[in-house]
Amino acid sequence: MKTKLDLESWARKEHFEFFSNFDEPYTGVSVEIDCTAAYEHCKQNNISFFLYYFHQALIAVNSVEALRYRIEDGNVYSYDTIHGSATINRPDGTFQFSHFPFDGDFESFVERAEKEIEAAKQSKGLDLTSSGIDAIHFSSIPWVKFTGLSHARNFAWKDSCPKISVGKMTVVDGKRQMPLSIHAHHALVDGIDLARFIDKFSELMAEQS
């Protein structure tokens, strides 16, 4: 379900119009997240760390209204639920785009996600139709501890989906950390919205003990 925003009464109307005309309207930040508690929880309970932090990222995204906004034909819509579109690595070194429907129940999410991952690993080429606009573009780069990140963009395609990436986990002074990057369309999202996502994601990753 989605709801059309009334642009004339929207407090960000002028911001939307201003940034909508940019060739590169995406803005983003890269930070480090403490994932010690989350990693230990997954290890102790035989849980996929990737699926765990992916699910927590989806919860955090859905908690921030601005990250549920999408631009369609010049209008702005707020989606009730945002799903995940993630890159899944194959044994041959290539990857597949895969769709992961959001489910607030972690076990139900994992059950469907594991089937999607297995299908992606057995696939060939690229499925460019697996996800719709009501998704985030998510990727894991476990080989690199990045401090900044950019994304390939096709400016002819009017994209407004947030893009979230995580990097290589490292141990510093006994604490496990991993880089997190989020980029979003500035016509829809401001710095405070990025901060709200980062704070919520950090909170969720620290809940387990």
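Residues numbered from 1 in each chain as written. Predicted model: local features only at pLDDT ≥ 70, side-chain atom pairs only at ≥ 80, totals over all residues. Heavy atoms only, no water.

1. With respect to the environment of arginine 153
Let me state the cut-off plainly: Helix and strand assignments come from DSSP, with helices taken as H or I runs of at least 4 residues and strands as E runs of at least 2, each series counted from the N terminus. Whether a residue is buried, partly exposed or exposed follows from its accessible area with a 1.4 Å probe, protein chains only, as a fraction of its type maximum: under 20%, in between, or over 50%, in that order. Here, residues are in contact when the closest pair of their heavy atoms is within 4.5 Å. For this analysis, a polar contact is any N or O atom pair within 3.5 Å, provided that within protein one partner can donate a hydrogen and the other can accept it, and provided that sequence-adjacent residues contribute only side-chain to side-chain pairs.
Note on placement: arginine 153 falls in the loop between strand 7 (135-140) and strand 8 (163-166). For arginine 153, a relative accessible area of 22% gives the class partly exposed. In this structure the C-alpha to C-alpha distance between arginine 153 and methionine 1, which are 152 residues apart in sequence, comes to 27 Å. What arginine 153 contacts, discounting residues up to four positions off in sequence, is Glu24, Pro25, Tyr26 and Lys163. Here glutamate 24 takes part through its side chain, which lies 2.7 Å from a polar atom of the side chain of arginine 153.

2. Quick notes on helix 5 (residues 191-205)
We count it as follows: Here the expected length of a helix is defined as 1.5 Å per residue gap, with one fewer gap than residues.
Counted at 1.5 Å a residue, the expected span for helix 5 with its 15 residues is 21 Å, and the 21 Å between its end C-alpha atoms agrees. Packing partners of the buried residues in helix 5 comprise strand 2 (26-34), helix 2 (36-44), helix 3 (49-63), strand 8 and strand 10 (175-185).

3. Here we look at the sheet that holds strand 3 (residues 69-72)
Sheets are built from strands that pair by backbone hydrogen bonding, the pairs being arranged parallel or antiparallel. This is how the line gets drawn: If DSSP finds at least two bridges between two strands, the strands pair. Here an angle of 0 to 180 degrees is reported between the N-to-C directions of two axes, which are lines fitted to C-alpha atoms, with helices fitted over the stretch in contact.
Pairing within the open sheet is antiparallel, and its three strands lie in the order 1-4-3. In this open sheet, the two strands that pair with only one neighbour each are strand 1 (2-4) and strand 3. Each neighbouring strand pair of the sheet contributes to a mean axis angle of 35°, computed without reference to strand direction. As paired strands, strand 1 and strand 4 (residues 75-79) are joined by three bridges and run antiparallel to one another. Its bridge partner being in strand 4, lysine 2 is matched across the sheet by tyrosine 79.

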